[in-house]
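# A closer look at the structure
What follows is each chain in one-letter form.
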2 protein chains.
Amino acid sequence: MAVGPGTLPEFFPVAGVKLGVASAGIKKTGQNDVVVFELAPGSRVAGLFTRNQFCAAPVTLSRRHLAETSPRYLLVNTGNANAGTGEQGMTDALTCCQALAEQAGVSAAEVLPFSTGVIGEPLPVQKLVGAMPHALTGLAPDRWPEAASGILTTDTRPKGASVQVDLGGHTVTISGISKGAGMICPNMATMLGFIATDAQIEPTVLQTLANELGEQSFNRITIDGDTSTNDACVLIASGQYGGPEITQNSPHLATLREALKAVYLDLAHAIVRDGEGATKFVTIQVNGAAATGEALDVAYTVAHSPLVKTALFASDANWGRILAAVGRAGVNDLDISALEIYLGDVCLVKNGGRAAEYSEEQGQAVMSQEDITITIDLKRGDVNETVWTCDLSQEYVSINADYRS
Amino acid sequence: MAVGPGTLPEFFPVAGVKLGVASAGIKKTGQNDVVVFELAPGSRVAGLFTRNQFCAAPVTLSRRHLAETSPRYLLVNTGNANAGTGEQGMTDALTCCQALAEQAGVSAAEVLPFSTGVIGEPLPVQKLVGAMPHALTGLAPDRWPEAASGILTTDTRPKGASVQVDLGGHTVTISGISKGAGMICPNMATMLGFIATDAQIEPTVLQTLANELGEQSFNRITIDGDTSTNDACVLIASGQYGGPEITQNSPHLATLREALKAVYLDLAHAIVRDGEGATKFVTIQVNGAAATGEALDVAYTVAHSPLVKTALFASDANWGRILAAVGRAGVNDLDISALEIYLGDVCLVKNGGRAAEYSEEQGQAVMSQEDITITIDLKRGDVNETVWTCDLSQEYVSINADYRS
């Protein structure tokens, strides 16, 4: 199951970025399971990685390589996460970087590795190395759709976004792909996002954009509350758009930021829409919080509540479950008589109980839709936060219970 | 579904405590839905209530009455939670207390109200008041089994525990009942526990016991992570056992505490074993933590992980999911190469990855059992904590998705 059509967009090629794909035979289906990004010299890269303490070997190595030099290649494999693999995992990840570096004529530190798939199994290094020549010889700027498919695991469909925007007379292109269907499914794991632009962006501005936009998109979605050992999101700026460098004081930064944000949000939302067993795309909007922390506590408590999620699956306007989740979110001194809860435009809760004007029919009408917004106004301050999630269906349980059997 | 046989025990009557039941017609099935406890004069009562900010009217009123005077009656109804009902809910709860007080010849403050059931619907006060005479005329010390059934909602079976213990030559009796199948199911909500003993216990010791034992039992179980608006657990001491008052310095306090703890644990575990859709009873044991907070963070993150829970349902020894949950539990500077994870007696994780001696067959053997213990040794300190939970099945989704339809 998945929410909405979810077709791939027309991808604009990004000057300075080429993509290659190959099948290393890690995935038993024989589908492509290796993707290589080649970045032109002078490209700048900023990453945002999982906060899971059990982070995978490729995450540790990508962080290290990013700190050492500017990457020229990204090497992505699916089917094996190289996580929970101890010292051997680090050795294997490095061996793959060295092999690609040798074939491409760069240094190993210029290669960033990314893995997603089964946890705890040794990385099939020889298979991966064997697939590299095919991926490298096929490098081309227009292979975004194949790359989008080549990074998938339990996803039911590829995910991509692509926009162009004018920056002072120069056209900037932004294209990206993402994968993920559970926030974690350690057997076929992880959320990955790769966004590339031909804009030239000052390195600290690039890192700030990667952090902020990742935080507002990939870090605001949840399918099952689980965070993978391998999550990673990378922002690439090739610098080949022909215009001046975008700095903190650039008049075009705001425009670029909005265009990038649209791509980040599209890619993050596509993951929720393809959530395991998902039939609804749900926006949880918390307004009027006193601080970001409490806004997110409320939003995630509602988004993670199995009872709210099953009610959403059932298209049941069971507002008591939302109210109870808000009440247990850990916000001290919540004024329950002041706060308001809305389903779409319909007020559910006011004055500490069901809104007087509420009718079951109104609630039902909103709940029957595929895209649903729950708004919680805490009436405590000026902070607003948004989180996106999906419902919980029997199919989610089936997918995750039957996976390895 | 439910785990194990779950038959009611032989209940020992508790001197000074009588129980009455009645059908008020709130439950459409016509089953008993009203339970009254009558406590002899001089009884002492300590309560432990939900931390949900949206707590129900009866919770607020019970807290208030407990602060004012010693209760003589407990009035419990199922089928309606009187939660999310605003000012009217408070009025309705008080009206019921007044009606029972009038019929019993006590003051309204001597009645503690408890409700569980649909959230947000007005309490059917007239039905409840009309059922009181029947409950009162039937009061008897041996009606524990009927009371155990009379407080149920989505539970598939009644829950009780009863023990006797010798305290310095005097026999002390402890009997209790509980209900709950989801930690919250706001349509038919809540966890309730009522434990009565004929021991005479000094009031501050009684409150300490109620807090500590409730914390170590009812506050250490989780089915779906949701906390009800109506949760309450009450400890009654009638004082009629014939021995001296148990004080902080009493030589018998430790024995009494252990006997009470056994009853609390039995009642709490019975709720997990009857968890909605449950097929496994799971003990999450976290050892070697540096502090209680981090031990519970790890235990609950594992216990709430939908991926761990679906793996348990599938009897799949998917250790990567446990490892990933530990890694995202928010414990800073976790030494992943030091910690160890066990399934039963089988070591799953050591040295940052799968234990060298582990085999899939060993893990599978443990996973096939109905009662499963997952032990996580953080190797950071001396604090140990235990949490009990169950698995996540398609039936859980079905129960909670189909409930109101």
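In every chain, residue numbers begin from 1 and rise along the written sequence. Going through the entries in the order they are written, you letter the chains from A and number the ligands from 1. For a predicted model such as this one, the threshold for reporting local features is a pLDDT of at least 70, and the threshold for listing and counting side-chain atom pairs is 80 or more; totals across whole chains, interfaces and linings nevertheless cover every residue. Note that the side-chain values use all heavy atoms of the structure and ignore hydrogens as well as water.

All right, on to the pattern of salt bridges then. Salt bridges are defined by distance alone: a side-chain nitrogen of Lys or Arg within 4 Å of a carboxyl oxygen of Asp or Glu. One pass over the full model with this rule turns up 26 salt bridges over all chains. Linking Glu121 of chain A and Arg354 of chain B is a salt bridge whose minimum nitrogen-to-oxygen distance equals 3.6 Å. With one member in each of two chains, Glu121 of chain A in the loop between strand S5 (111-118) and helix H3 (125-137) and Arg354 of chain B in strand S14 (residues 353-354) form a pair that bridges those chains. A 1.4 Å probe rolled over the protein chains alone gives each residue an accessible area, and that area as a share of the maximum for its type sets the label: buried under 20%, exposed over 50%, partly exposed in between. Glu121 of chain A gets classed as partly exposed once you look at its relative accessible area, which sits at 33%. Sharing partners across several salt bridges, the network here consists of Asp155, Lys159 and Asp274 of chain A. Starting at the N terminus, helices and strands are each numbered in turn, a helix being any DSSP run of H or I of at least four residues and a strand any DSSP run of E of at least two.

We now examine the relation of the copies chain B and chain A. Fitting of the copies onto one another was done by least squares over C-alpha atoms, counting residues only where both copies have pLDDT of at least 70. Structural alignment of chain B on chain A gives an RMSD of 0.1 Å, achieved by rotating through 180° and translating 0.0 Å along the axis. The transformation just described matches what one would write down for a two-fold rotation axis. Taking C-alpha positions as reference, the residue of chain B nearest the rotation axis is Gln394 of chain B, located at 2.3 Å. When the interface residues of chain B are mapped onto chain A, 97% of them are again interface residues, pointing to one common binding face. We call two residues in contact when some of their heavy atoms are within 4.5 Å.

What follows is about the interface of chain B and chain A. Counting residues at the interface gives 59 residues for chain B, matched by 57 residues for chain A. Summed over both partners, the interface of chain B with chain A comes to about 4,500 Å²; 57% of that surface belongs to carbon and sulfur atoms. Joining chain B to chain A, the criterion identifies two salt bridges. Elements supplying a minimum of two residues to the side of chain B that touches chain A: helix H8 (306-313), helix H9 (319-327), S14 and helix H11 (394-402) of chain B. Two parts placed together each lose some accessible area under a 1.4 Å probe, and adding up what both lose gives the buried area.

Before going further, it helps to spend a moment on the pairing of strand S13 (residues 346-350) of chain A. All names here are of chain A. For S13, the tally of buried residues reaches four of five residues, placing the bulk of the element in the interior. Relative to S13, strand S12 (residues 340-343) runs antiparallel, the two sharing three bridges. Note that in S13 the partner of Leu343 across the bridge is Val346. The loop that links S12 with its antiparallel partner S13 comprises two residues; one of these, Gly344, has a positive phi angle of about 60°. Here, a strand pair is defined by DSSP locating no fewer than two bridges between the strands. Pairing of S13 with strand S14 (residues 353-354) involves two bridges; the strand directions are antiparallel. Looking across to S14, one finds that Val349 is bridged to Arg354. Between S13 and S14, which pair antiparallel one after the other, the connecting turn spans two residues, and Asn351 there sits at a positive phi close to 55°.

All names here are of chain A. Here the axes come from fitting lines to C-alpha atoms, over the contacting stretch only for helices, and the angles between their N-to-C directions go from 0 to 180 degrees. In contact at an axis separation of 10 Å, helix H5 (residues 203-216) and helix H6 (residues 253-273) are set at 40° when each is read in the N-to-C sense. As the angle between them shows, H5 and H6 are arranged oblique. In the packing of H5 onto H6, the handedness of the crossing is right-handed. In contact with Val205, Leu209, Ala210, Glu212, Leu213, Gly214 and Gln216 of H5, H6 contributes Leu253, Arg257, Leu260, Lys261, Tyr264 and Leu265. Residues are sorted three ways: Asp, Glu, Lys and Arg are charged, Ala, Val, Leu, Ile, Met, Phe, Trp, Tyr, Cys and Pro are nonpolar, and all the rest, Gly among them, are polar. Grouping the constituent residues of the contact of H5 with H6 by class yields eight nonpolar, two polar and three charged. Between 65 and 115 degrees an angle is taken as roughly perpendicular, under 35 as roughly parallel, over 145 as roughly antiparallel, and anywhere else as oblique. Left-handed describes a crossing in which the near helix is turned anticlockwise from the far one by less than a right angle; the clockwise case is right-handed.

Here we come to the UniProt feature "binding site: substrate" (unreviewed entry) in chain A. Residue and element names in this part refer to chain A. UniProt positions are given in the numbering used here, feature names are shortened, and annotations may be inferred rather than shown by experiment. In the numbering used here, UniProt assigns the "binding site: substrate" (unreviewed entry) feature to Thr153, Lys179, Thr190, Glu276, Asn400 and Ser405. By secondary structure assignment, the location of Lys179 is in strand S7 (residues 170-179). Residue Lys179 is classed as buried on the basis of its relative accessible area of 0%. Definition of a polar contact: a pair of N or O atoms within 3.5 Å, with one able to donate and the other able to accept a hydrogen when the atoms are protein atoms, and with sequence-neighbouring residues admitted only if both atoms are side-chain atoms. Side chain to side chain, Lys179 and Thr116 meet in a polar contact 2.8 Å long. Overall, Glu276 belongs to the buried group, its relative accessible area being 3%.

A word on the sheet that holds S14 of chain A. All names here are of chain A. Pairing is mixed in the open sheet, where seven strands are placed in the order S9-S16-S11-S15-S12-S13-S14. Single-partner strands in this sheet number two, and they are strand S9 (221-222) and S14. Along the sheet face, helix H10 (residues 360-367) touches S12, S13 and strand S15 (371-377) and points at about 60° away from the line of S12.

This part is about the sheet that holds strand S11 (residues 281-289) of chain B. Residues and elements named next belong to chain B. Taken in spatial order, the seven strands line up as S9-S16-S11-S15-S12-S13-S14 in an open sheet, and their pairing is mixed. In this open sheet, the two edge strands, each paired with only one partner strand, are strand S9 (221-222) and S14. In terms of strand pairing, strand S12 (residues 340-343) meets strand S15 (residues 371-377) through four bridges, oriented antiparallel. Along S15, the bridge assignment pairs Glu340 with Asp377. Against the sheet, H9 touches S12, strand S13 (346-350), S14 and S15, its axis set at about 50° to S13.

Our next topic: the packing of aromatic side chains. Residue and element names in this part refer to chain A. A pair of Phe, Tyr and Trp rings is counted when the ring centres sit within 6.5 Å of each other, with Trp represented by its six-membered ring. The angle between the planes then sorts it: under 30 degrees is stacked, over 60 is edge-to-face, the rest tilted. Here the structure, examined in full by the defined rule, presents ten aromatic pairs over all chains. Between Phe11 and Trp144, the ring centres sit 5.8 Å apart and the planes meet at 15°, which makes this aromatic pair stacked. Of this pair, Phe11 sits in the segment before strand S1 (17-22) while Trp144 sits in helix H4 (residues 144-150), and the two are 133 residues apart along the sequence. Take Phe11 and Trp144: they sit in the same class, and that class is buried. Where Phe114 meets Phe194, the ring centres are 5.1 Å apart and the plane angle is 90°; that geometry is what we call edge-to-face. Pair noted here: Phe114 is in strand S5 and Phe194 is in strand S8 (residues 192-197), with a separation of 80 residues, a long-range link. Considered together, Phe114 and Phe194 belong to a single accessibility category, that of buried residues. Through a chain of ring-to-ring contacts, the aromatic side chains of Phe11, Phe37, Phe114, Trp144 and Phe194 assemble into a single cluster. Two thresholds decide whether a charge sits over a ring: the Lys NZ or Arg CZ must be within 6 Å of the ring centre and within 35 degrees of the ring normal. When the ring centre of Phe281 is taken as origin, the NZ or CZ atom of Arg273, which lies over that ring, is 4.0 Å away.

If pLDDT is low for a region, its predicted coordinates should not be looked at in detail. Residue-level confidence of the predictor is what pLDDT reports, using numbers from 0 through 100. Put simply, chain A has an average pLDDT of 92, and 96% of its residues get 70 or more. Counted against residues more than four places away or in other chains, residues 184-189 of chain A, with its pLDDT under 50, gives 39 contacts.

It is characteristic of soluble globular proteins that their nonpolar side chains tend to be buried jointly. Throughout, nonpolar core names a set of buried Ala, Val, Leu, Ile, Met, Phe, Trp, Tyr and Cys residues whose side chains join them through atoms within 4.5 Å. Ile284, Val326, Ile341, Ile374, Ile376 and Leu378 of chain A are the most contacted members of the largest nonpolar core, which totals 43 residues. Not counting residues within four places of it along the chain, the set of residues in contact with Ile374 of chain A comprises Val282, Thr283, Ile284, Gln285, Leu312, Ile322, Ile341, Tyr342 and Leu343 of chain A. Grouped together as the second largest cluster of nonpolar side chains are 42 residues, Ala56 of chain A together with Ala317, Cys347 and Ala355 of chain B included.

Once that is clear, we can look at the environment of Ala67 of chain A. Along the chain, the position of Ala67 of chain A falls in helix H1 (residues 57-68). Between the C-alpha atoms of Ala67 of chain A and Gln216 of chain A, which are 149 residues apart in sequence, the distance is 24 Å.

Let us look at the side chain of Ser43 of chain A. Looking at the secondary structure, you find Ser43 of chain A in the loop between strand S2 (34-39) and strand S3 (44-49). From its side chain, Ser43 of chain A meets the backbone oxygen of Ala40 of chain A in a polar contact 2.7 Å long.

Next up on the list: the domain arrangement of chain A. Size of an interface: often given as the accessible area lost when the parts come together. All names here are of chain A. Under the domain assignment used here, chain A contains domain 1 (17-273) and domain 2 (281-402). Taken over C-alpha atoms, the centre of domain 1 sits 33 Å from the centre of domain 2. Contacts between domain 1 and domain 2 engage 13 residues on the former and 15 residues on the latter. When the two sides are added together, the surface that domain 1 and domain 2 hide from each other amounts to roughly 1,200 Å², 58% of it contributed by carbon and sulfur. Counting every contact that joins domain 1 to domain 2 gives two salt bridges. A salt bridge links Asp371 to Arg273; the shortest N-O distance between them is 2.7 Å. Taken together, the residues of the side of domain 1 that touches domain 2 sort by class into five nonpolar, five polar and three charged. Annotation comment: domain bounds sourced from an automatic or database domain assignment.

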